[in-house]
Structure formats: structure tokens, C-alpha cells
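# Structural description and commentary
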Amino acid sequence: MTTTRTELSENATRLEPARVPATPANLRQARLPDDEDIHPDGSRVAFVLRDWAADQPKPVARIWTVGLDGSKPVALTAGPGNDTHPRWSPDGQQLALLSTRDGEQEEARAQLYLMPASGGTPRRLCALPNGVESFAWSPDGSQLALLTLEGDEPAKDPIVVTPDRHRRLWTVSANGDQPAPVTPAGATIWEYAWSPDGQQFAVFYTFGPGETDWYRGQVGIVPAEGGAIRRLTDLTRQAAALAWSPDGQRISYISGEWSDRGLVGGEVFVIAAAGGEPRNLTPGVEFSPSWLRWFADGKRMLYTGWDGVAHQIGLLDEASGERTPLTRDFIIGGGGWPRLSATPDLRAFATHSSDRLHPPDVYTATLATDDRGNARLDWRQVTRLNALLEETVQLAPAEVVTWESVDGWRIDGLFSRPTSATGDGPPPLVVQVHGGPSAAWQTDWRGGLFWGQICASAGYAVFQPNIRGGVGRGIAFADAVLGDPGGKDLADVLSGIDILVERGLVDGARVAIVGWSYGGFMTAWAISQSNRFKAAMMGAGVCDFHSFHAQTNIADWDMRILTADPLANPGVYRDRSAITYAAQITTPTLIVHGEQDPCVPVNQAYEFHRALLERNVPTELVVYPREGHGFQERDHVLDVDTRMLRWMARYL
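Computed from a predicted model, the values in this text were never measured in an experiment. (Residues numbered from 1 in each chain as written. Predicted model: local features only at pLDDT ≥ 70, side-chain atom pairs only at ≥ 80, totals over all residues. Heavy atoms only, no water.)

### Observations regarding the overall build of the protein
- When its secondary structure is counted, the protein shows 13 helices and 38 strands.
- Here the C-alpha radius of gyration of the protein, 24 Å, is about what a compact globule of 652 residues would show, namely 26 Å.
- In terms of overall dimensions, the protein has a C-alpha envelope of 65 × 65 × 55 Å along the principal axes.
- Considering the protein as a whole, with its 652 residues, one finds that 58% of them fall into the buried category.
- For the protein, the share of sequence-separated contacts (at least 6 apart) that also reach a separation of at least 24 residues comes to 55%.
- Accessible surface for the protein amounts to roughly 26000 Å². Of this, 49% is attributable to carbon and sulfur atoms.
- Across the protein, 58 positive and 79 negative side-chain charges occur, with their mean positions spaced 2 Å apart. (Helix = DSSP H or I, 4+ residues; strand = E, 2+ residues; numbered from the N terminus. Rg over C-alpha atoms; globule rule 2.2 N^0.38 Å. Buried < 20%, exposed > 50% of the residue type's maximum accessible area, 1.4 Å probe, protein only. Contact = heavy atoms within 4.5 Å. Areas by Shrake-Rupley, 256 points an atom, 1.4 Å probe, with all protein chains shown as cover. Lys, Arg positive; Asp, Glu negative; His and termini not counted. Charge placed at Lys NZ, Arg CZ, Asp CG, Glu CD.)

Structure (C-alpha cells):
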């Protein structure tokens, strides 16, 4: 298949019938590829395809593969259970994966399997009591490293609050055997990378086992045969994207202050494996690198990163720090960690890409050279998984909006016009605030799926501001939220609304605000500080930093974002909590929350709801059983979408 997305779209528009409006039901039917892994010879790509089954409450994950010879994608696995994390062996003869097919229906209990590259029945390589969280082939393909929880699952009756369990690194022979421990029993490993000779691991680790301990991790080295971890760094921030130089002498990583594990975007550092001071290769960089791989010459790296409302891919010279962007307007997969799957020679790559009008599809790229000797990436779309949705549903594109906020800072955002008639005059506006705060809105499918498309279809304009505190604009921009949540980032939101009103794009008298997680906090905070909003939806949001700190599994988060200790500086916690100002709220507010949310406990929703009730503010609280911080069950996701639209129709 050599056609491009543009050509496919042009063909699809010929004699096109009238499209149907975007609804929660038809948008949520999209088949979503993820976790691509390119074959070592670059001939094909394995990927996870998540699809909805009529008899399953959650999406079902299967391993698919697609060749670069124009063949159609085919399924390699068919359950039972979920199959994820496909990884080709270094010689390309086998495919390793995680699966819950042997009776365990939770991802946390997935076990490690191998299957022939040509297909067949996967065989379980080993069985660990707590399953396998992640794994990686050794460079020679003789072993696999795997990460698993230690110890027994805590008793539930009675519930005794004890420390979390450690995540421990093990290795197992590719022929199957008893796994052998690599790291000490009292350490937790968050990320790991084999050295080129297979003799060591670089690790990002802590000696505390809890999710909140991740904020205090360090980079170290441990022998692959097992032993003590030798610490290399003295970090005050987090690190990720560990990568070894080809000679095994240096380790690169990306570091920054991040709100969530898995949201990676910062500055590039290199440190000698023998120890010493790390060197910052990208001081003052104005985008946010997120992933690295070294070229065989040991002098350059390929990087990816957040860049405004899209991603950047380029080359980084270690000696000079010089960067050569290859593309700056292409969305690549990875969710909160934009990255590629690369062949060993870094000549071919795989990922998935999307935009607001096209759900994700698998793409490949080759690193080529133009007539002037300049490097370039040549992209190919190799799947088309959602043709029916693309050709029959009316979708809203996103326009980039730029404005000047307080302090003269330039802020970017995305604006979508309604796709249905709204009567005379400018349309009402729904403002969506992103989570994190270490996140960013982008011109991808997920950004539109997150209520944007259904709001546009219902007659609302949609505004997604990339407020300070997010990735994509460098460390200084990301750090600007520290000690000031709800301060200048709220000013970014309000000034952006003013710009849209001044340009005649929206009705300034009919504005709503919605958000999830940090966006939920910003929703509660905004309606406590401004009477601009006529409706609001708070999803999984914080309203009281004191009670949040007492119950969350990431107590370091609020201390780092507020730059304060709740016992030593209780005034800071009161001053930045929406509950403190709840008596002045008048905005009708829908509150939705997962009952089992460990990150933002459900008490935040009950507390805010009670406060609004006692002031006779129109409010509704909906708590979803079995759900955590991100919803998984189809009926729950559709219910949130539908309730939000009803709330907006009633009050906006």
C-alpha cells in the first residue's frame, strides 16, 4: 500500500452522501491501533488493535501485523483474554507478547508468551504470581527481562493500610525456565534498558514502592546477572527514555518535572556509565523531547518530542547539541510519550498517526537523504482501519489559535467550529482544559474524541487552550505552573476566551468549562474565581488539596505542584482549593468520578457536590463503580458523554 491519507480522503469524497452527526456511540466505535513494533528487517509491523466486542464491557486487545508489501493487516492472535505488548525477537524469528489468555482477565495478571513470527499458538514462557507488567528482549535474543510486582496481594477484609509492593526486575531464558531476580528485593524499578552487550541494565528506580515515590527516582546501573544498584544521578526531577550509547560507555535520558508517570517531555542529558556529572545537551530548548535512540556512530541520536500542537522528530548531535528537525507537523503515537519503534540500524520506523478528521492508523517511515544531502523522513500509511467512520461521520477540524496572555507570554490553543447550525449570531463555547498539568492538546484524534467532536456536532464551538504548565514549549513553560496552579494558567484560559469573543467567533455570554483530572481541578477553580461560565463539568478533579493529600496515592504531586508542605504551609493548601471559595460559586456544575480512583479519590467529588448543594447551586454527582482515574467500560464512557451534552443543553 503506497497511497497517502490525502489520496485516500480525496477518493472517499467523490459522490459522497450526506454525513451523519458525530455522536458518542459512533465515535466510540473506532478501532484503535497502539504499541507498534517494527520487524528488525523493516518488512512488517506488529501492533495492538483495540476493538469493541458486543458482549464485552471493555475493548478487547489483539495482536495484528501488516506487511509493507501492500498486503492487508491480519490478526495474529484471537484470545481468549487480551493480548498486548508485541515485541519481535532480535533475529525476527519469534514474537513475544503479554496475554491474559490462561484465565486471568485483568491486565495486571498478564503473563509472558512467545509465538513464531509467522503465527501460531502462543506458548507461555513462565508464570509469575503477580503477572508481568512489561518485558524487553536482550540484545542477543537469549533472554528477556521482565518487571513484576513482589509479594502477596493485600487482604481486603479487613483492609489494613500497608506499604505498596515493589516492582522487581527479573530475567528469563528465551527457551523457558525459572526467572532469576536482577534487582534487590527492597527496590522498585520504574524503567529499564539493556546495555548493548547484555551485561547490565540502566534503571530508573526508587527504594520506596509507592506510586508517589516515583517522583523521587534516580538513574542507576545493575548487573544483568543480579546485584546491587549503583546510583549514577542526584536528580531532583524525574527521568525516562533511558538509552545506551552503542559502545556502552554513556547513557542518555530525558528529565523534567512531570505530573504523571508516562507523560515524558523535558531536556536531554547524557551521563557516563562509570559515573560523573550529567551533561545537558538541550538547555533552554523550546520544545519538549520525549524519546531517544543512538545511531551506530555513537555521535548522533534520533529524538521525538512534543512541539506545540504536534510532534517533532529530528537528529541531535551529542558533541555540539545541534538539532536538525526532520518533521514538525506530524502526530506520532505513544499517548503521553510520543515515540517510534525503530529497526536496529535506525533506517526504518513505525508508529500510528491521526488527525481530527482521521482516526489512528499505522504508519511507517524511512530515513532518506535528498539531493542536497539533507536527511528526511518518507512516510507511508499502511492501514486504514476506520474507513466507515471516516467516510460517513461529520467531523470538525481544529484550527490553531495564538494569543498573548499575562506577562506577554504567547499561548497556543485549538479551536473547532460547530458542525451543526446554531441559529443567528456566534455559537456558544465549550472550553476544555487538559489534564496533568504535564499534557497538551494536539491536532490528533484523541484530542477531538475527548468531548470535542460531540460538542461541535451538538452546535458548540470548542476551545482547547495549551496553558502554561504543559509540555511542548520547553522547561520554563512547563515549570511555570509550579507554585501557581490556578494562577496564570487560569489567566491563559480567560484571555484566550476574550480573544475568541473579540474576533466574533463565539458568544461570550454563553461559555462553559469542562475538564478531567487537572482539567477537573481547573474547572472547579475557574468557577470559584470567575462568574464567566454558565455551565461546567468537573471530571475526576481536585477541589480540596488537604483531603486530596490525605487520600491520594501520589501525595508528592500536590507538594511539588504547590511547592508547599500541607503541615508546614496549610495556608497554601487552603488558598488554592476551590472548596475554600465554594460559597461564591453560581455556575451549574455536573460532577463525574470513578469510585475506585486511586489518584484523585472520590471524596473530592462528594465534597464539592455537598458544598454546591448547600449553596443551592444546580449540581449533579455521578459516581461510576469499578472505574479508576480513566474510565474503561463502554457504558460508563457513553454515559459521561451523554450526560455532559444534556447538561450543556440545559444550562448553556
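### A short note on the sheet that holds strand S6 (residues 83-88)
- Pairing within the open sheet is antiparallel, and its 4 strands lie in the order S6-S7-S8-S9. If you trace the sheet from one side to the other, it starts and ends with S6 and strand S9 (123-124), each paired once.
- Two strands pair when backbone bridges link them, and strand S8 (residues 111-116) and S9 are joined in this way by 2 bridges, in the antiparallel orientation. Within the sheet, the bridge partner assigned to Tyr113 lies in S9 and is Arg124. (Pairing = 2+ DSSP bridges.)

### Observations concerning the pairing of strand S31 (residues 399-404)
- Of the pairings in the sheet, the one linking S31 to strand S32 (residues 410-416) comprises 6 bridges and is antiparallel in character. Across the sheet, the residue bridging to Val400 is Leu414, located in S32.
- Linking S31 back to S32 in an antiparallel pair, the connection comprises 5 residues, with Asp407 at a positive phi of about 65°.

### A look at unusual backbone geometry
- The step from Asp157 to Pro158 runs through a cis peptide bond, and the omega angle for that step is 0°.
- As for its placement among the helices and strands, Pro158 is situated in the loop between strand S11 (143-149) and strand S12 (167-173).
- Gly436 connects to Pro437 through a cis peptide bond whose omega is 15°.
- With respect to the element layout, Pro437 can be found in the loop between strand S33 (429-433) and helix H4 (445-449).
- Phi is positive for Ser517, close to 65°, though the residue is something other than glycine.
- In this structure, Ser517 sits in the loop between strand S35 (511-516) and helix H8 (518-529).
- Accessibility expressed as a relative area gives 14% for Ser517, which makes it buried.
- Phi is positive for Arg626, which is not a glycine, with a value near 75°.
- Secondary-structure assignment places Arg626 in the loop between strand S38 (619-624) and helix H13 (634-651).

### So, the pattern of salt bridges
- Applying the stated criterion across every chain, the model contains 33 salt bridges.
- For Arg124, the salt bridge identified is with Asp102, shortest N-O distance 3.6 Å. Of this pair, Arg124 sits in strand S9 while Asp102 sits in the loop between strand S7 (94-99) and S8, and the two are 22 residues apart along the sequence.
- The exposure class assigned to Arg124 is partly exposed, which follows from its relative accessible area of 41%.
- Judged by its relative accessible area of 47%, Asp102 falls in the partly exposed class.
- The residue Asp484 makes a salt bridge to Arg576 at a minimum N-O spacing of 3.1 Å. Of the two residues, Asp484 is situated in the loop between helix H6 (475-479) and helix H7 (488-502) and Arg576 in the loop between helix H11 (570-575) and strand S37 (589-594); the sequence distance between them amounts to 92 residues.
- Overall, Asp484 belongs to the buried group, its relative accessible area being 17%. (Salt bridge = Lys/Arg side-chain N within 4 Å of Asp/Glu carboxyl O.)

### Thoughts on the sheet that holds strand S4 (residues 60-67)
- Reading across from one edge, S2-S3-S4-S5 is the order of the 4 strands in this open sheet, with antiparallel pairing throughout. If you trace the sheet from one side to the other, it starts and ends with strand S2 (32-38) and strand S5 (74-75), each paired once.
- With 2 bridges joining them, S4 and S5 adopt antiparallel strand pairing. The residue of S5 that forms the bridge with Thr65 is Val74.

### Thoughts on the side chain of Glu318
- Relative to the helices and strands, Glu318 resides in the loop between strand S24 (310-317) and strand S25 (323-330).
- The class for Glu318 is buried, based on a relative accessible area of 10%.
- A distance of 2.9 Å separates polar atoms of two side chains, one belonging to Glu318 and the other to Arg250.
- Setting aside its immediate chain neighbours within four residues, Glu318 contacts Arg250, Val270, Arg279, Leu281, Trp294, Gly298, Lys299 and Met301. (Polar contact = N/O pair within 3.5 Å; in protein donor to acceptor, adjacent residues only side chain to side chain.)

### Quick look at H8
- Between its first and last C-alpha atoms H8 spans 16 Å; for 12 residues at 1.5 Å apiece the expected length is 16 Å, and the two agree.
- Across the 12 residues that make up H8, a large majority, 11, are buried.
- If you check which residues of H8 are buried, you get Tyr518, Gly519, Gly520, Phe521, Met522, Thr523, Ala524, Trp525, Ala526, Ile527 and Ser528. (Expected span 1.5 Å × (residues − 1).)

### Points about the packing of H7 against H8
- Interhelical geometry of H7 versus H8 gives an angle of 75° and a closest axis separation of 11 Å. Taken together, the axes of H7 and H8 are roughly perpendicular relative to one another. When H7 is examined against H8, the residues Asp489, Leu490 and Val493 are found in contact with a partner set consisting of Tyr518, Met522, Trp525, Ala526 and Gln529.
- A per-class count over the contact of H7 with H8 returns 6 nonpolar, 1 polar and 1 charged. (Axes fitted to C-alpha atoms, helices over the stretch in contact; angles between N-to-C directions. Parallel < 35°, antiparallel > 145°, perpendicular 65-115°, else oblique. Nonpolar A, V, L, I, M, F, W, Y, C, P; charged D, E, K, R; others polar.)

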